[in-house]
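Observations on the model geometry
One-letter residues, chain by chain:
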Amino acid sequence: MSFKTILAVVGAKDAVPDISKAIELSTELDAHLSILAIGTALPPIASDYPVATAWIEQRQAEINALLDVRQNAEDMCRVNGISFDTDYLYDDRFILENNLSMRALYADLVLLGNGARRDSDIRKAVIAGTVFDAHVPLLLAPAKWKSSLRPKNVLLAWNSRAEAARAAKEALHMLIEADAVHVVIVDPDSSYFKNGGEPGADIAAFLARHGVKVVVEQVASGERSVEDVLRQHALEIGCDMIVMGAYGHSRLRERVFGGVTASILEDCEFPVFFAR
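Quick caveat, the model's predicted, so the values are computed rather than measured.

Conventions we followed
- Residues numbered from 1 in each chain as written.
- Predicted model: local features only at pLDDT ≥ 70, side-chain atom pairs only at ≥ 80, totals over all residues.
- Heavy atoms only, no water.
- Helix = DSSP H or I, 4+ residues; strand = E, 2+ residues; numbered from the N terminus.
- Buried < 20%, exposed > 50% of the residue type's maximum accessible area, 1.4 Å probe, protein only.
- Contact = heavy atoms within 4.5 Å.
- Areas by Shrake-Rupley, 256 points an atom, 1.4 Å probe, with all protein chains shown as cover.
- Expected span 1.5 Å × (residues − 1).
- Pairing = 2+ DSSP bridges.
- Axes fitted to C-alpha atoms, helices over the stretch in contact; angles between N-to-C directions.
- Core = buried A, V, L, I, M, F, W, Y, C linked by side-chain atoms within 4.5 Å.
- Lys, Arg positive; Asp, Glu negative; His and termini not counted.
- Salt bridge = Lys/Arg side-chain N within 4 Å of Asp/Glu carboxyl O.
- Polar contact = N/O pair within 3.5 Å; in protein donor to acceptor, adjacent residues only side chain to side chain.
- 1 Å grid on protein atoms, 1.4 Å probe; cavity = no way out; pocket = protein on both sides within 12 Å on 5 of 7 lines; lining within 4 Å.
- Points joined across faces, edges and corners; volume = space filled by probe spheres on them.
- Nonpolar A, V, L, I, M, F, W, Y, C, P; charged D, E, K, R; others polar.
- pLDDT = per-residue confidence, 0-100.

What to know about the overall build of the chain
Assigned secondary structure in the chain consists of 11 helices and 10 strands. A buried classification covers 50% of the 276 residues belonging to the chain. For the chain, contacts bridging at least 24 residues in sequence account for 80% of all contacts bridging at least 6. When the accessible surface of the chain is totalled, it reaches about 13200 Å², and 52% of it is carbon and sulfur.

The following block contains the structure:
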């Protein structure tokens, strides 16, 4: 699918680089850009009057910061002459997730920049509202990334699960245009209910029928975590984007025990395209 509407989620801190990357992507694709500045509302304080006043003042200060980000985003979009709209949300996590889910329904791609990504509350709200609830692809934009949705060297993290297949299909037009797509399987299991007799062969054949220039790479973890293996292999092959499925296990299990998705979300210097 082509990306004609991008929803960029930014926070109150370090928003300008995130907005700049979103504008660069929308310009590259001639896409409409929706910029949403969000903040997690402070929980109410039930105490005496002076403390309540301080809480109200801090809450208003955070809202004002988001309004400044929104205004700055409007100015930057106008200067660049793109199609855009802007808004802001300041509420508790549950309301944020629901609003993000509704807005993501009308976007082809959600963009999460490095500034917003460093805020754990925003990061969790975005994942819950977009990837889980709206089932819309999410792109992580690291600080040093030269914004482009036309990667030349792609790492597709493959584990023979539905989430990975969904990610490959959502990213298919990017994979077709890439010079090389590395289907990477960490510690392949050739049993029937795992990766099959020839791990990676089925997805490679599927992609090749679409004209994707694909190579299958089976990698041993050597007792390292899967996420560390993926990051290291991405560095070794010089890839400019990772495509992967998000949360193969239940969200509750991932929250309790962590997981590949959680680790990549928190720390990865490569742009990552998630789908579920």
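Some remarks on helix α5 (residues 120-134)
Here α5 is 15 residues long and its end C-alpha atoms lie 20 Å apart, about the 21 Å a rise of 1.5 Å per residue gives. The element α5 is extensively covered by neighbouring structure, given that 11 of its 15 residues are classed as buried. Residue H135 follows α5 closely and has a positive phi angle near 55°.

A word on the sheet that holds strand β8 (residues 214-219)
Taken together, the 10 strands give an open sheet; going across it, the order is β3-β2-β1-β4-β5-β10-β9-β6-β7-β8, and neighbouring strands pair in mixed fashion. The open sheet is flanked by β3 (84-91) and β8, the only strands paired with a single partner. Adjacent strand axes in the sheet meet at a mean angle of 20°, parallel and antiparallel pairs treated alike. Note: strand β1 (residues 5-10) against strand β2 (residues 32-40), six bridges, orientation parallel. Its bridge partner lying in β2, I6 is registered against L33. Contacts between helix α8 (residues 201-209) and the sheet are confined to β6 (153-157), β7 (180-186) and β8, with β8 contributing the most and set at about 165° to the helix.

Some points on the nonpolar core
Ranked by size, the top nonpolar core spans 51 residues in total, and within it I19, L33, L139, L149, V243 and F273 carry the most contacts. Residues contacting L149, with those up to four places away along its chain left out, are F3, L25, E28, L29, L109, L139, M174 and M241.

Here's the deal with the side chain of E217
Tracing the chain through its elements places E217 in strand β8. Buried within the structure, E217 lacks any salt-bridge partner; R224 is the closest side chain of opposite charge, at an N-O distance of 12 Å. At a separation of 2.7 Å, a polar atom in the side chain of E217 contacts the side chain of H182. Aside from chain neighbours lying at most four places away, what touches E217 is H182, V183, V184, I185, H233 and I237.

Some thoughts on the layout of surface pockets
Empty space within the second largest pocket amounts to approximately 320 Å³. The wall of the second largest pocket is formed by 17 residues, among which A12, K13, G39, D119 and I122 lie closest to the centre. Mapped by element, the contributors of at least two residues to the lining of the second largest pocket are β2 and α2 (49-80). Here the residues of the lining of the second largest pocket are counted per class, giving eight nonpolar, four polar and five charged.

Side note on the pairing of strand β4 (residues 109-113)
On a regular strand, one side chain projects to one face of the sheet and the next to the other, so that they alternate. With five of five residues buried, β4 is to be regarded as a mostly interior element. Along β4, one buried face is formed by L109, L111 and G113 and the opposite face, lined by V110 and L112, is buried too. In terms of strand pairing, β1 meets β4 through four bridges, oriented parallel. Bridge assignment links I6 to a residue of β4, and that residue is L109. Where β4 meets strand β5 (residues 138-141), four bridges bridge the pair, whose relative direction is parallel. Across the sheet, the residue bridging to L112 is L140, located in β5.

A word on the confidence of the model for the chain
Averaged over every residue, the pLDDT of the chain is 89; residues scoring 70 or more account for 90%. Across the chain, β1 holds the top mean pLDDT of 98, while helix α10 (residues 251-257) sits lowest at 44.

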